[in-house]
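Below, each chain spelled out in residue letters.
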Amino acid sequence: MPKTASELNKVHIPCLSHIANNILKEWVLTDPILSSICGISSIIAKYMKKSTFAAQNVKKKIYLYVPTRFYSYLEMIRSIRNASTEIASFCESCENVQFKEAFEDFELKTVEIESIITLMTPFEEAFTILAGSEYTTADLALYFIWSLKLEIESIRTDSKKSEVCRLLASTFYSIADKRLFSTQESSRYWLVSAFLNPAMQKFLAEDLDCELQETLVKEELEVILKDKNDYPSKRPSMPVSSAATKRQRCFQRTKAVFQNREKPQPQATSSATTEFLRYKDQIQVLEEAMEDFNVLLFWKNNESSFPLLSKLARKFLCIPATSIGCERTFSMAGQLVNKRRNRLSPS
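Residues numbered from 1 in each chain as written. Predicted model: local features only at pLDDT ≥ 70, side-chain atom pairs only at ≥ 80, totals over all residues. Heavy atoms only, no water.

## Quick notes on the pattern of salt bridges
Logical step 1: Throughout the structure, instances matching the rule amount to 11 salt bridges.
Logical step 2: Between Glu-185 and Lys-149 there is a salt bridge, with its nearest N and O atoms 3.1 Å apart. Here the residue Glu-185 occupies a position in the loop between helix 10 (163-184) and helix 11 (188-195), and Lys-149 occupies one in helix 9 (residues 141-156), the gap between them amounting to 36 residues.
Logical step 3: The partly exposed category is assigned to Lys-149, whose relative accessible area is 23%.
Logical step 4: Among the ionic pairs, Glu-153 bridges to Arg-156, the shortest N-O distance being 2.8 Å. Here Glu-153 and its partner Arg-156 are both found in helix 9, three residues apart, which amounts to about one turn of the helix.
Logical step 5: By relative accessible area, Glu-153 is classed as partly exposed at 26%.
Logical step 6: Shared partners join several salt bridges into a network, and the residues in it are Arg-188, Glu-219, Glu-220 and Lys-315. (Salt bridge = Lys/Arg side-chain N within 4 Å of Asp/Glu carboxyl O. Helix = DSSP H or I, 4+ residues; strand = E, 2+ residues; numbered from the N terminus. Buried < 20%, exposed > 50% of the residue type's maximum accessible area, 1.4 Å probe, protein only.)

## Overview of the packing of helix 3 (residues 32-50) against helix 8 (residues 110-130)
Logical step 1: In contact at an axis separation of 11 Å, helix 3 and helix 8 are set at 100° when each is read in the N-to-C sense. The orientation of helix 3 with respect to helix 8, classified from their angle, is roughly perpendicular. Contacts between helix 3 and helix 8 involve Ile-33, Leu-34 and Ile-37 from the first element and Glu-112, Ile-113, Ile-116 and Met-120 from the second.
Logical step 2: Taken together, the residues of the contact of helix 3 with helix 8 break down into six nonpolar, no polar and one charged. (Axes fitted to C-alpha atoms, helices over the stretch in contact; angles between N-to-C directions. Parallel < 35°, antiparallel > 145°, perpendicular 65-115°, else oblique. Contact = heavy atoms within 4.5 Å. Nonpolar A, V, L, I, M, F, W, Y, C, P; charged D, E, K, R; others polar.)

## Some points on helix 11
Logical step 1: With six of its eight residues buried, helix 11 lies for the most part within the structure.
Logical step 2: By the burial criterion, the buried members of helix 11 are Trp-190, Leu-191, Val-192, Ser-193, Ala-194 and Phe-195.

## Quick notes on the packing of helix 13 (residues 210-226) against helix 17 (residues 307-316)
Logical step 1: Where helix 13 meets helix 17, the axes come as close as 10 Å, and the angle between the chain directions of the two elements is 100°. Relative to helix 17, the element helix 13 is oriented roughly perpendicular. On helix 17, the residues that touch Val-217, Glu-220, Leu-221, Val-223, Ile-224 and Leu-225 of helix 13 are Leu-308, Leu-309, Lys-311, Leu-312, Lys-315 and Phe-316.

## Focus: the state of the cysteines
Logical step 1: Per the counting criterion, the structure on display carries zero disulfides.
Logical step 2: Cys-91 supplies the cysteine sulfur nearest to Cys-94, a cysteine that is in no disulfide, at a spacing of 6.0 Å.
Logical step 3: Classification of Cys-94 as buried rests on a relative accessible area of 5%. (Disulfide = S-S within 2.5 Å.)

## Quick word on the nonpolar core
Logical step 1: Leu-16, Ile-44, Ile-87, Leu-196, Trp-299 and Leu-309 are the most contacted members of the largest nonpolar core, which has 96 residues in total.
Logical step 2: In terms of residue count, helix 8 provides more of this core than any other element does, 10 residues in total.
Logical step 3: The residues touching Leu-16, leaving out its near neighbours within four places in the chain, are Phe-127, Leu-130, Ala-141, Ile-145, Leu-180, Gln-184, Trp-190, Ala-321 and Thr-322. (Core = buried A, V, L, I, M, F, W, Y, C linked by side-chain atoms within 4.5 Å.)

Take it as geometry only, folks, not as evidence of what the structure does.
This is the structure we're talking about:
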């Protein structure tokens, strides 16, 4: 993808879900505890999927790992844990030795399994929200990157957690820091996009590198001023997302991890344009909660007040944090139009 973007003279923006997929792949391959549990879980899940007798005796759904869905490891392990009572009962009449031995090993690793579920659940929540296609996601990227960083950090330093959990968290953190935290925290696209969401900017102000962020925003404003291509003044309104409630629940849970963070000393800011300063003043008086804030509606209502920044908002807030929405659309199209249904009309 970077090579294609370069050939087309375009900028390549990394897909956060692909980064997350690589993090979990590396974690599974390098951590012996996680690798062992994933292997055992795969044996159990594959047998449960193939066996008609198992399906008749175990009513709870068992998920199998899917390579294209990075948190399906979590779904597989969690589904087996949730159905463990039914599976244990089924094992009494099952004659498959490999399956029975795998489930016995699974039951002996309760502490490790609960630790993996604890670590993977925030990851699943964050990237489920960032994979949304009915709302902007570029402005949410930094929030969820930092919420993950703070949650994993708190787990690995929590003396109340088991030693196994802290060890898994340390391995997970080192991989995530190398691939995600250190590379994406200073991303131009996520920093500028967060600035263009007033509610998000206000909430993250103490954690942001404000000097770097303001420099990037001013550079982009200069580009807008020099750009002779006028942006359309009107865009179709965005319907209210059906995922709004899910986002609210996720925000309510993850906001708590920011409360005990260390607050950095305020940094001096450079001079800015009148519009830039007026926008910053409006951020300070904003009272609407972050999880209830509609950033698209804000820019629609304030386009005349902030003409340059509204153009910047159109440029940056259309960036998807992940490519899952696009891939989902292609997948749906492939299911609708195939070799047996290749003459479908638009109607």
